[in-house]
Amino acid sequence: MTRRFNRFLPPVVATALLRRVVVEPHREAVLCEMAELYRHRVERIGSRAARRWYRRQTAAFVFQLIWHGRAQSRAPVHLHLPITPTAGATIMSEFFNDLKRAYHRLMRAPIFSMVSVLTLAIGIGVFVSVFALVEGVLLEPMPYRAPNQLAWVWRDYTWSNFPRGWLGGSDIVGLREQTNVFEQVVAVRTGTVNLSQGESDTPRRVPSMFASPELFDILGVSPILGRGFAVGEDDPDADAVVVLGYDLWQSTFSADSEILGQTIDLSGTSATVIGVAPENFRFKKHGSLSDPVGAELYSNLRIDLQSTSPGSGAYAGLVRIRPDVQSQELDQALVNAAQTSDVFFDNRGLRLWTIGLQPDLIVSVRPALIALVVSAATLLLVLTANLATLFLSRAAMRARELGICAALGASRARLFSSVLTESLFVGFVGGSLGVGLAFVGSDLMLALAPESLPRLHEVGIDFSVFAVALGITVAITFLTGMVPAIQSIGKPIGSSLQEGGRSSDTVRGARLRSTLVVGQIALSLVLLVVAGLVAQAFTTLIKQDPGFDPGETLTFSVSLTFARYGDAPAVAAQHDRIRSAFSALPGVTAVGAASSLPLTQRTNQNDVKFPTAPGNTGDDNEDNPQADSFRITRGYLAAAGFRVLAGRDFTQNDDERGAAIIDDVLAARFFPNTSPIGHQVLTFGDTLDIVGVVDHARLYNVFEDDRGQVYVPVGYRPATTLSYVLRGPTDPTILSSSARRILSSLDPTAPISQIQSLSDIVDDSLGEQRLSLTLLGTFAVSALALAVLGIYGVVTNNVVRRRREIGLRIALGATGSRVLRLVLGQGLRLTIVGGVLGLVGAVVMSRFLKSMMFGIQVASPIVYGGMAILLICVATAASYFPARRATAIDPIGSLRDS
């Protein structure tokens, strides 16, 4: 058997000659490279032909050295070797030579190289894509001057079930008086306006922001054209001025550089353009109860804040806190600023509180994004373990080759470099490809992300993301390369040359690979369970009853102006004419309009009181709660798919005398054992008769109810802007075109905006959950695939390593089924151990997710059991194929080759 292994050793005389003539810095590299090539030729063409090739190469090398002379031997000599030594090479050039040799070795193992590079590239691409999203939304500082000093101030209405509420004018004034704490204070209010450039221009509905003059100064932003607001432009008698958003300037005004000084029409009010905001300026304000709202134009807030009632304001306070202010000073300043409002609200526990500009913007999406980056990091750990397993197998395959190099005199440093440089080369190629894939992955995630996700325009692969990708690649490269490199140089020379089979392996190496596979299985099961729990929660959300039937509907917003119609009754009459015209469209079965649609987070709140309700407690605070209030037209309940539980819809008579419809939440609370029909409700400052009860419709999100709801007729309480709902099996495109034509004939100055169906609104409300489910599912499937490859590789290597043992068992009478069970047993043992660890990790991970995402159930036997069974099934399949090959081993051949 020793003679058989000696045939892989190169000719002694030729090797001694090479050792004699090659200069010391390159002697080990040349001898190892020649030995590796010699071994490959022995396996391919036989030892006799390989020895002839080796002698010819040695002779050619010696001849060229003699011919060029010692002095000229520093220049490259073109031999048939992959690398030709150059005398006097530097350490860096020697390193690059090692990389070149690694490249040639990897080219002779194309399957290993391709799998390793693609595995690393996909893992890096996925993680960097997710990190780019998280970095752009959560970590990147906001593009304003000293953003950490910026904060919103909100009013606390917890006594009325409102933790966040608007400020009154007196609150803004009080904050401005605290000059020792606040450098600047800005009052901000958002809304929408009808924008047109003249009577002949088709109007459009534009999200707008109204602010006091310090807005651009407090943010440290300068318009690219013109100026921001000036002192005094918040006076009630000041002219209206606007700063256009960059996108609006590009799309509506064709990037006209002469736009400054031009007059535009904003809902019947003339305003002068004084500036254009920078391209990357997309300032958003978090609503009191809604998602962050952006603006396409910015106008001056013209109001005397001091004269407004503390209870009638609807402002957000943007403040810049002085850098040296302590938390106690800030708290005291807020108490001082809130004194007027506190007295107005009868000292009911009112207080003002602050939240940083960036934390306020990302508060709702932060948990889901953290869960995504943790899951992506888990997938990266699975990938690292998989790569380490591949490189350990690669090192085992090269054990004999490294043993020959050691026998020829190669140092431990040379052997270490030979193994590590392969990992470095794979890391360089895979990392570069992964960064390229990250650009594609980032675009895909942006396409999947809901529009409500803040700071989407700031997501991209920038220098910090690239640095993270580089650091991760380097870390994975060294982790996956160092272990097999250290293991390879620690093996005795004799054991490397005398181990049997085509692949030399050790029990320690096999155990290490098995340990890595167990880790892959455990982490994969964690991701599978997490994805299953999120899918279960998402399914629950989809099955939630939103309180209405989306059906076949089309919705859009129509906004009229008092400037055109003069007063509220005229506006209400025009909306009634528009509704009647829409109801005449072919195929439309129901038409109605409301001041706010379900799941849009936009409505007002009003006090409600039921004087004769049996559910009253006698406590004014309990019996006078806040309710979400809506103004609706006749036919809206049928068009939007509401279920009338008691009573009736509004009629034309209700527009004049007033009436109200309440939801089942208020009905159950105040009329638990009787019908509310015929009772009265005090709201909107009036006493209205209750004529109907409807299902509670989800307004803020699908997964939870909120406060009660009350509906009043638009004819009784007119609104300029209404959202229309048209129900019918008509093509939405045709229906929207017909609606535009009708509205243009009735009022050419009224724009149609926000065209979508109620089904789209429901889908959009689940956008963040859908993104999380898609990405987590992708991570879980990828991790499972890597774990299956790991199991397959370990079992295959085990079959190769134990080939002689299996052959001996077969020779002694072991049946194929017994051998099959023997091999399958190893794969199942790894799966069971990894599965147990994974279930423990999944429980921990699910508890972490439960605090971040709605609907996650820590104890879900169906998900845990189902994912464990899935893992066992695929692991068994991965073990089955090498097990089948083991049953076909030729016992005589395996014993002869040993």
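Bear in mind the structure is a predicted one, so any value in this text is a computation, not a measurement.

1. Things to note about the overall build of the protein
Inference 1: Within the protein, the regular secondary structure consists of 31 helices and 24 strands.
Inference 2: Across the 898 residues of the protein, 53% fall into the buried class.
Inference 3: Residue pairs in contact within the protein that sit at least 24 positions apart in sequence constitute 80% of those at least 6 positions apart.

2. Some points on the packing of aromatic side chains
Inference 1: Across all of its chains, the model carries 21 aromatic pairs by this definition.
Inference 2: Ring geometry for tyrosine 144 and phenylalanine 281: centres 6.3 Å apart, planes at 75°, overall edge-to-face. Of this pair, tyrosine 144 sits in the loop between helix H6 (110-139) and strand E1 (150-157) while phenylalanine 281 sits in the loop between strand E8 (269-276) and strand E9 (285-286), and the two are 137 residues apart along the sequence. In this pair, the class of tyrosine 144 matches that of phenylalanine 281, namely buried.
Inference 3: For the pair phenylalanine 610 and phenylalanine 670, a centre-to-centre distance of 4.9 Å together with 40° between the ring planes defines the contact as tilted. Here phenylalanine 610 is found in the loop between strand E16 (604-607) and helix H21 (620-623), whereas its partner phenylalanine 670 is found in helix H24 (residues 664-670), with 60 residues between them in sequence.
Inference 4: Assessed through its relative accessible area of 0%, phenylalanine 610 is described here as buried.
Inference 5: Given the relative accessible area of 1%, phenylalanine 670 is considered buried.
Inference 6: Here a set of aromatic residues connected by ring pairs shows up, and it is made of Tyr144, Trp152, Trp154, Trp166, Phe216, Phe229, Phe281, Phe283 and Tyr298.
Inference 7: In this structure, arginine 564 packs its charged tip against the face of tyrosine 565, placed 5.9 Å from the ring centre.

3. What about the side chain of serine 442?
Inference 1: Among the structural elements, serine 442 can be located in helix H15 (residues 412-448).
Inference 2: Those residues in contact with serine 442, other than ones at most four positions away along the chain, are Ser129, Val459 and Ile461.

4. Focus: the confidence of the model for the protein
Inference 1: For the protein, mean pLDDT is 79; residues scoring 70 or higher make up 83% of the total.
Inference 2: Under a pLDDT of 50 for its full length, residues 1-5 has, in the predicted model, 7 contacts with residues more than four places off or in other chains.

5. Some words on the pattern of salt bridges
Inference 1: Inspection of every chain in the model, using the stated rule, returns 17 salt bridges.
Inference 2: With a closest N to O distance of 2.7 Å, aspartate 655 and arginine 634 form a salt bridge. Remark: arginine 634 occurs in the loop between strand E17 (626-632) and helix H22 (636-639) and aspartate 655 occurs in helix H23 (residues 654-657); sequence separation between them is 21 residues. We note that aspartate 655, like arginine 634, is buried.
Inference 3: One salt bridge in this structure joins arginine 657 and aspartate 654, with 3.1 Å as the shortest N-O distance. Taken together, the residues span about one helical turn, with arginine 657 and aspartate 654 both in helix H23 at a distance of 3 residues.
Inference 4: Counted as one network, the salt bridges with shared partners bring together Asp576, Arg579, Arg634 and Asp655.

6. Concerning the nonpolar core
Inference 1: Leu215, Leu219, Phe283, Tyr298 and Leu318 are the most contacted members of the largest nonpolar core, which has 114 residues in total.
Inference 2: Membership of the second largest hydrophobic core comes to 40 residues, among which are Val173, Ala187, Leu301 and Val319.

7. Things to note about a nonpolar patch on the surface
Inference 1: Taken together, the side chains of Leu828, Ile832, Val836, Val840, Val844 and Ile872 define a hydrophobic patch exposed on the protein surface, amounting to about 510 Å² of accessible area.
Inference 2: Relative to the helices and strands, leucine 828 is located in helix H29 (residues 816-850).

8. Some remarks on the environment of leucine 219
Inference 1: Turning to its location among the elements, leucine 219 is positioned in helix H8 (residues 215-219).
Inference 2: Overall, the relative accessible area of 0% leaves leucine 219 in the buried class.

9. Here's the deal with the pairing of strand E3 (residues 182-196)
Inference 1: Sheet analysis places E3 next to strand E12 (residues 316-321), joined by 6 bridges and oriented antiparallel. In the strand pairing of E12, valine 188 is matched with alanine 316.
Inference 2: Inspection of the sheet shows E3 paired to strand E4 (residues 204-211) by 8 bridges, in the antiparallel sense. Following the sheet pairing, asparagine 194 is matched in E4 by arginine 205.

10. A closer look at helix H10 (residues 327-337)
Inference 1: Here H10 has its buried residues at Leu330, Ala333, Leu334 and Ala337. One face of H10 carries all of its buried residues, which in axial projection span an arc of 100°.
Inference 2: The inward-facing, buried residues of H10 contact E1, helix H7 (169-177), E3, E12, helix H11 (339-344) and strand E13 (352-356).

11. Re the packing of H29 against helix H30 (residues 861-887)
Inference 1: For the pair H29 and H30, the least separation of the axes is 8 Å and the interaxial angle reads 155°. When the axes of H29 and H30 are compared, the pair comes out roughly antiparallel. Classified by chirality, the crossing of H30 by H29 is right-handed. For the pair H29 and H30, contact is made by Gly816, Val819, Leu820, Val823, Leu824, Gly827, Leu828, Thr831, Leu839, Ala842, Val843 and Ser846 and by Tyr864, Leu871, Ile872, Ala875, Thr876, Ser879, Tyr880, Ala883, Arg884, Ala886 and Thr887, respectively.
Inference 2: Of the residues in the contact of H29 with H30, the class split is 15 nonpolar, 7 polar and 1 charged.

12. Here we look at helix H25 (residues 732-746)
Inference 1: Taking 1.5 Å of rise per residue, 15 residues should cover 21 Å, and H25 covers 21 Å from first to last C-alpha, within 8% of that figure.
Inference 2: The set of residues buried in H25 consists of Leu735, Ser736, Ser738, Ala739, Ile742 and Leu743. Across the axial projection of H25, the buried residues extend over an arc of 165°, all falling on one side. Facing away from the buried surface of H25 by more than 90 degrees, the exposed residues are Thr733, Arg741 and Ser745.
Inference 3: The inward-facing, buried residues of H25 contact strand E14 (553-559), helix H20 (568-583), strand E23 (721-727) and strand E24 (752-756).

13. Quick notes on unusual backbone geometry
Inference 1: The phi dihedral of alanine 146 falls on the positive side, at around 40°, and the residue is not glycine.
Inference 2: Structurally, the position occupied by alanine 146 is in the loop between H6 and E1.
Inference 3: The class for alanine 146 is partly exposed, based on a relative accessible area of 31%.
Inference 4: Its identity as a non-glycine residue notwithstanding, serine 254 has a phi of 55°, on the positive side.
Inference 5: For serine 254, the location among the structural elements is in the loop between helix H9 (246-251) and strand E7 (263-266).
Inference 6: Classification of serine 254 as exposed rests on a relative accessible area of 60%.

The rules behind each value
Residues numbered from 1 in each chain as written. Predicted model: local features only at pLDDT ≥ 70, side-chain atom pairs only at ≥ 80, totals over all residues. Heavy atoms only, no water. Helix = DSSP H or I, 4+ residues; strand = E, 2+ residues; numbered from the N terminus. Buried < 20%, exposed > 50% of the residue type's maximum accessible area, 1.4 Å probe, protein only. Contact = heavy atoms within 4.5 Å. Phe/Tyr/Trp six-rings, centres within 6.5 Å; stacked < 30°, edge-to-face > 60°. Lys NZ or Arg CZ within 6 Å of the ring centre and 35° of its normal. pLDDT = per-residue confidence, 0-100. Salt bridge = Lys/Arg side-chain N within 4 Å of Asp/Glu carboxyl O. Core = buried A, V, L, I, M, F, W, Y, C linked by side-chain atoms within 4.5 Å. Patch = residues over 30% accessible without salt bridge, like charges linked within 9 Å, V, L, I, M, F, W, Y side chains within 5 Å. Areas by Shrake-Rupley, 256 points an atom, 1.4 Å probe, with all protein chains shown as cover. Pairing = 2+ DSSP bridges. Arc of directions from axis to C-beta. Axes fitted to C-alpha atoms, helices over the stretch in contact; angles between N-to-C directions. Parallel < 35°, antiparallel > 145°, perpendicular 65-115°, else oblique. Left-handed = near helix turned anticlockwise from the far one by under 90°. Nonpolar A, V, L, I, M, F, W, Y, C, P; charged D, E, K, R; others polar. Expected span 1.5 Å × (residues − 1).

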